[in-house]
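# Descriptive analysis of the structure
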Amino acid sequence: MTRCQNFSFRVLLGAALGLSAAISALAQGGGQLRFCLHTEPKTFDPLQVEDDASVSIRYLTGGVLIRVNRQTQALEPELAESWKVSKDARQITFKLRSGVRFSDGSPFTAEDVAFTMQRLMDPALHSPTGDAFRTGSGKVQTRITSPTQMTIVFPAPVAGLDRMFDQVAIVSSHAFRQESAVNGPFLGPFVVAEYKPGSSVLLRRNAYYWKTDAQGRKLPYLDSILLDIQPNRDIEMLHFRRGEDELINALDSDYFDKLASMSPELVHDAGASLDSEQMWFNQVAKAPIPDYKKAWFRSTAFRRAISEAINREDLCRVVFHGHAQPALGPFSPANKFWFDSKLKPQTYMPDAALKSLQAEGFHLDNGTLKDSHGNDVAFSLITNAGNKYREGMAVLIQQDLQKIGVHVNVVTLDFPSLIERMTQTFDYEAILLGLTNVDLDPNAEMNVWLSSAENHQWNPQQKTPETAWEAEIDRLMRAQASASDPRKRKEYFDRVQEIVVEQQPFIFLINKDALSASSSLVKGENPVILHPQTFWNAERLTIAKAN
Amino acid sequence: MNFWQKLAGCILLLVVCLSLAAGWLAPAGYAYQDRENAGAPPSHQHWLGTDDLGRDRFARILYGTRISLLLAPAAALISTLLAAMIGGFAGYAGGIWQRAATAITDLFLSLPWLFLLIAVRALMPLNISPLESVTVTFSLLGLLGWTAAARVLCAAGASLRDSDFVCQARASGVRNSRLFWIHVLPNMAPVLLAQFWISIPVFILSEANLGILGLGVAEPLPSWGSLLRELEGMISIGDEPWKLAPLALLVVVVTCFQIVLSNQQEVAA
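Below, the structure is looked at part by part. This structure is a prediction, so every number in the text was calculated from the model and none was measured.

## Observations regarding the overall build of chain B
- Of regular secondary structure, chain B possesses 12 helices and zero strands.
- Moving toward the C terminus, one meets the helices and strands of chain B in the order α-α-α-α-α-α-α-α-α-α-α-α.
- With respect to the three principal axes, the spread of C-alpha positions in chain B is 75 × 45 × 30 Å.
- Counting only residues that meet the buried cut, chain B has 47% of its 269 residues in that class.
- Contacts in chain B between residues at least 24 apart in sequence constitute 72% of all its contacts with a sequence separation of at least 6.
- Total accessible area on chain B stands at roughly 12700 Å², and carbon and sulfur atoms take up 70% of it.
- Computed over 15 positive and 16 negative side-chain charges, the inter-centroid distance for chain B is 13 Å.

As structure tokens, then:
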């Protein structure tokens, strides 16, 4: 190599290194991330959050004591350096992080946690987050032992107590005002800088955010996040394709495939999510349906046979284009801790289903299944109009069940009418709907599995359990809710899952995959199945400058 | 009938004939799910490809056309008869009858018919076959869609009531009932017929609207409305233009109806 060549090489190398450093600097700091909220946020008060949009804003702006790591599903210390739950699961003691400040510069202390808990548990506030902590009558007490040490005492045991603090964003005891919640102050990585109703929410970096990365750089990397309020998924898709948005959460399979066909590197299928789709038969004693149909619907053998005759693989493959997994039971395998791994997939066995129905006195007559009294086995299956995936599933189930001589009338109703039939008049035979799960803990489903609960959809609000297996589920759910040992709780809930699969009060059909898309400009993204899929690590995301 | 009307009439006739020959042209049927070929593009086996559930799109369009084109006239008949009874009679009777009929018509016109239809449909029994559901859907359309025609027929009845020949017949001592059936009603026939014809495309589009909302004809029976649902989500259209076939057919049929009925609309006006 001549001197001249050597010089040129050095210049080039230097330029390349400089460019690389500049790109790295650009990537490591600044920039604005943009994505859509699908509804208007109903509140900025973190303790009154209920809707998805408000949950997203709370996640980005709120500081919590303990965070569920969306990737590992394990608990991680945030504003609390450490914590300890008492053996009776009635009290939790926190050692708080010192030196943390709110976005207005004021210090974070145990007073703020106490204030937050008092507000949260105030019955007048009607906080959905607070309701989850309400397991017994009596007041929640807080004991502050030092500015960084405190204990919260509950009147009754609260199962999974520490995990529930993931949803509790701490508010300032001195500056928070409910009527101006949009102004904070905040403890999370971002603060609400501007809210244009019906249009957008602008979040800016919280200059006082306490976290740093491994190199000691202050987090978050991003300057701001612009949340467009956009209910129309087509427009969201257009924005993404034009480069006007960088993330899409909860894509449906059609959009996912379309994007994948154009830019496969932009889409992410994180596997089965916590969301399930299921159908169930009406088992309400006073329901205005013929007695012979009630007898079918209350028969475990009938429900199991129907379940066996549904081809779940086809539901996943045809309706969801492969972006769903056959459901195994009440909890998705995505719920790493609580899913009962002993559950086996329901095999599609129409012949076995027919045989078991024949053993119960049903018989085929000219291609139509009849019960022992000669009634044609036919029922209506309702789902909500406008949901093409549910309608598609209903039509596939219709054809599957036709093979064993069961005639299904698919009915689509507007959602309010469906809910009225489901919860008020009980004037229905079977319903196909879904459950959106955001909580990993089975306690969040107490209102589904207890026979006295309102959302015990196949037969709600029973004064006493009408079947032995429902009584057993009641017992197990209460036992797991009051046990403090996670292994014991898991044991109880595993048995609940097994009973549900044996009895099929809900015929679980599929678990949808968690689908998302992110622009190639977004660095550090790692989509997961838990909400918020794509921006769960927003503080560590960066945006590369587009050319 | 001019050339364009003849051409439009021929096209309509062809569409009707094709839909009636659906069993022969598309033997697979509208409900069969070829699940291994779901969402397939056009092929020798499936001329317009298959829908998301693997059903032959061509077969579904033919059967959907049959349903829409046979039941829309039935709904039009129901609505025209209702309009004749309410509007025609009130217009002829005049006075309090006409005021009452006008008030009822105005009330019905002011109702958001789509929500009314959704509400009425939600009250219907659930366990009915797809064929019954399609009959119910179009009957509801007919029962709720008489108001516009009633206004026209009310005006027609009122003008006949004051016409010279009716006055002369009345002066000659002809009884009211005889006057209505023998003299008035036959003279309203052109308006009735015009109302009947121009209602047909309206009901076709109404069912399509309901179908797009998922509240039309029950699965697996196809209708134009349910077929048009494939077009929701604009992203799918560009690469799969064959999905536009039901929309193209709907536009062609409604346009042909408008051309053929252009004379009738003048009568109705």
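The discussion continues.
## Considerations on the overall build of chain A
- Within chain A, the regular secondary structure consists of 16 helices and 21 strands.
- Taken against the 2.2 N^0.38 rule, which gives 24 Å for 547 residues, the C-alpha radius of gyration of chain A at 27 Å falls within 12% of a compact globule.
- C-alpha atoms of chain A, sized along the principal axes, occupy 95 × 65 × 45 Å.
- Across the 547 residues that make up chain A, the buried fraction comes to 56%.

## A word on the pairing of strand 9 (residues 200–205) of chain A
Residue and element names in this part refer to chain A.
- Alignment of strand 8 (residues 190–196) against strand 9, held across six bridges, turns out to be antiparallel. Counterpart to valine 191 in the pairing with strand 9 is arginine 204.
- Between the antiparallel neighbours strand 8 and strand 9 lie three residues, among them glycine 198 with a positive phi of about 80°.
- Bridge count for strand 9 against strand 10 (residues 224–229) is five bridges, and the pairing is antiparallel. Residue pairing in the sheet places leucine 202 in a bridge with leucine 226 of strand 10.

## Side note on a nonpolar patch on the surface
Residue and element names in this part refer to chain B.
- Taken together, the side chains of Phe3, Trp4, Leu7 and Ile259 define a hydrophobic patch exposed on the protein surface, amounting to about 420 Å² of accessible area.
- At three residues, helix 1 (residues 3–20) tops the list of elements feeding residues into the nonpolar patch.
- The topology assignment puts leucine 7 in helix 1.
- On the basis of relative accessibility, which here comes to 36%, the residue leucine 7 falls in the partly exposed class.

## Notes on empty space enclosed by the protein
- Applying the stated criterion to the full structure yields three cavities of 30 Å³ or more.
- Val411 of chain A together with Arg121, Pro125, Ile128 and Ser133 of chain B are, among the 16 residues lining the largest cavity, the residues nearest its centre.
- Reported here for the second largest cavity is a volume of approximately 130 Å³.
- As for the second largest cavity, its lining consists of 20 residues, of which Phe44, Pro46, Thr61, Gly62 and Phe186 of chain A are closest to the centre.
- Broken down by element, the lining of the second largest cavity gets its largest block of residues, four residues, from helix 2 (residues 52–61) of chain A.

## Considerations on the sheet that holds strand 5 (residues 91–96) of chain A
Residue and element names in this part refer to chain A.
- Pairing within the open sheet is antiparallel, and its four strands lie in the order 4-5-7-6. Looking along the sheet, the strands with just one partner apiece sit at the ends: strand 4 (80–85) and strand 6 (141–146). Taken over all neighbouring pairs, the strand axes of this sheet differ in orientation by 15° on average, direction set aside.
- With respect to the sheet, helix 3 (residues 110–120) is in contact with strand 5, strand 6 and strand 7 (149–153), its orientation differing from that of strand 6 by roughly 180°.

## Some points on the packing of helix 4 (residues 95–110) of chain B against helix 7 (residues 147–161) of chain B
Residue and element names in this part refer to chain B.
- Where helix 4 contacts helix 7, the axes come no closer than 9 Å and their chain directions differ by 160°. On the basis of their axis angle, the class for helix 4 and helix 7 is roughly antiparallel. Crossing geometry of helix 4 relative to helix 7 is assigned as left-handed. Judged by residue contacts, Gly95, Gln98, Thr105, Asp106, Phe108 and Leu109 of helix 4 engage Thr147, Ala148, Ala150, Arg151, Cys154, Ala158 and Arg161 from helix 7.
- Here the contact of helix 4 with helix 7 is composed, by residue class, of six nonpolar, four polar and three charged.

## Looking at the side chain of glutamine 503 of chain A
Residue and element names in this part refer to chain A.
- With respect to the element layout, glutamine 503 can be found in helix 16 (residues 486–503).
- Engagement of the side chain of glutamine 503 in a polar contact is seen with the side chain of tryptophan 469, the distance being 3.3 Å.
- Ignoring anything within four residues of it in the chain, the contact list for glutamine 503 reads Thr300, Arg303 and Trp469.

## Quick word on the packing of aromatic side chains
Residues and elements named next belong to chain A.
- Summed over all chains, the structure comprises 36 aromatic pairs over all chains.
- Ring centres 6.0 Å apart and planes at 25° place the aromatic pair tryptophan 458 and tryptophan 469 in the stacked group. One end of the pair, tryptophan 458, is in the loop between helix 14 (446–449) and helix 15 (468–482); the other, tryptophan 469, is in helix 15, with 11 residues separating them in the sequence.
- Classification of tryptophan 469 as buried rests on a relative accessible area of 12%.
- Here the aromatic cluster, defined as three or more aromatic residues joined through ring pairs, consists of Phe281, Tyr292, Trp296, Phe297, Phe302, Phe362 and Phe379.
- Over the aromatic face of tyrosine 389 sits the side chain of lysine 388, whose NZ or CZ is 5.6 Å from the ring centroid.

## What about the layout of surface pockets?
All names here are of chain B.
- Roughly 370 Å³ of internal volume is contained in the second largest pocket.
- Lining the second largest pocket we find 18 residues, and of these Leu144, Gly145, Thr147, Val202 and Phe203 sit closest to its centre.
- Listed by contribution, the elements that provide at least two residues to the lining of the second largest pocket are helix 4, helix 5 (113–123), helix 6 (130–144), helix 7 and helix 9 (176–212).
- Sorting elements by how many residues they give to the lining of the second largest pocket places helix 9 first, with six residues.

## A look at the interface of chain B and chain A
- Every contact between the two is made by 31 residues of chain B and, on the other side, 39 residues of chain A.
- Between chain B and chain A lies a buried interface of about 2700 Å² when both sides are counted; carbon and sulfur atoms form 49% of it.
- For the salt bridge of arginine 229 of chain B with glutamate 391 of chain A, the shortest nitrogen-to-oxygen distance reads 2.2 Å.
- The element best represented in the side of chain B that touches chain A is helix 5 of chain B, accounting for four residues.
- Residues that form the side of chain B that touches chain A fall into these classes: 17 nonpolar, five polar and nine charged.

## Examining the pattern of salt bridges
Residues and elements named next belong to chain A.
- In this structure the tally under the stated criterion is 44 salt bridges over all chains.
- Residues aspartate 485 and arginine 487 are paired through a salt bridge, measuring 3.8 Å at the closest nitrogen-oxygen approach.
- For aspartate 485, a relative accessible area of 30% gives the class partly exposed.
- Put simply, glutamate 502 and arginine 495 hold a salt bridge, and the shortest N to O gap is 3.5 Å.
- Each of Asp340, Lys342, Lys490, Asp494, Arg495, Glu498 and Glu502 takes part in one network of salt bridges that share partners.

## Brief notes about helix 11 (residues 350–359) of chain A
All names here are of chain A.
- By the burial criterion, the buried members of helix 11 are Pro350, Ala353, Leu354 and Leu357. Down the axis of helix 11, the smallest arc covering the buried residues is 95°, so these residues share one side. The outward face of helix 11, more than 90 degrees from its buried face, is lined by the exposed residues Asp351, Lys355 and Ala359.
- Elements that come into contact with the buried residues of helix 11 comprise helix 9 (300–308), strand 14 (363–365) and strand 15 (368–370).
- Phi turns positive, to about 100°, at glycine 361, one or two residues after helix 11.

## Remarks on the packing of helix 5 of chain B against helix 6 of chain B
Residues and elements named next belong to chain B.
- Two elements in contact, helix 5 and helix 6, have axes whose closest approach is 11 Å; the angle formed by their N-to-C orientations is 135°. Considered as vectors, helix 5 and helix 6 are oriented oblique to each other. Every pair of crossing elements has a handedness; the one defined by helix 5 and helix 6 is right-handed. Two secondary-structure elements touch here, helix 5 through Trp113, Leu116, Leu117, Val120 and Arg121 and helix 6 through Thr137, Leu140, Leu141 and Leu144.
- When its residues are assigned to classes, the contact of helix 5 with helix 6 shows seven nonpolar, one polar and one charged.

Reading the values: the criteria
Residues numbered from 1 in each chain as written. Chains lettered and ligands numbered in written order. Predicted model: local features only at pLDDT ≥ 70, side-chain atom pairs only at ≥ 80, totals over all residues. Heavy atoms only, no water. Helix = DSSP H or I, 4+ residues; strand = E, 2+ residues; numbered from the N terminus. Buried < 20%, exposed > 50% of the residue type's maximum accessible area, 1.4 Å probe, protein only. Contact = heavy atoms within 4.5 Å. Areas by Shrake-Rupley, 256 points an atom, 1.4 Å probe, with all protein chains shown as cover. Lys, Arg positive; Asp, Glu negative; His and termini not counted. Charge placed at Lys NZ, Arg CZ, Asp CG, Glu CD. Rg over C-alpha atoms; globule rule 2.2 N^0.38 Å. Pairing = 2+ DSSP bridges. Patch = residues over 30% accessible without salt bridge, like charges linked within 9 Å, V, L, I, M, F, W, Y side chains within 5 Å. Salt bridge = Lys/Arg side-chain N within 4 Å of Asp/Glu carboxyl O. 1 Å grid on protein atoms, 1.4 Å probe; cavity = no way out; pocket = protein on both sides within 12 Å on 5 of 7 lines; lining within 4 Å. Points joined across faces, edges and corners; volume = space filled by probe spheres on them. Axes fitted to C-alpha atoms, helices over the stretch in contact; angles between N-to-C directions. Parallel < 35°, antiparallel > 145°, perpendicular 65-115°, else oblique. Left-handed = near helix turned anticlockwise from the far one by under 90°. Nonpolar A, V, L, I, M, F, W, Y, C, P; charged D, E, K, R; others polar. Polar contact = N/O pair within 3.5 Å; in protein donor to acceptor, adjacent residues only side chain to side chain. Phe/Tyr/Trp six-rings, centres within 6.5 Å; stacked < 30°, edge-to-face > 60°. Lys NZ or Arg CZ within 6 Å of the ring centre and 35° of its normal. Buried area = accessible area lost by both parts, 1.4 Å probe. Arc of directions from axis to C-beta.

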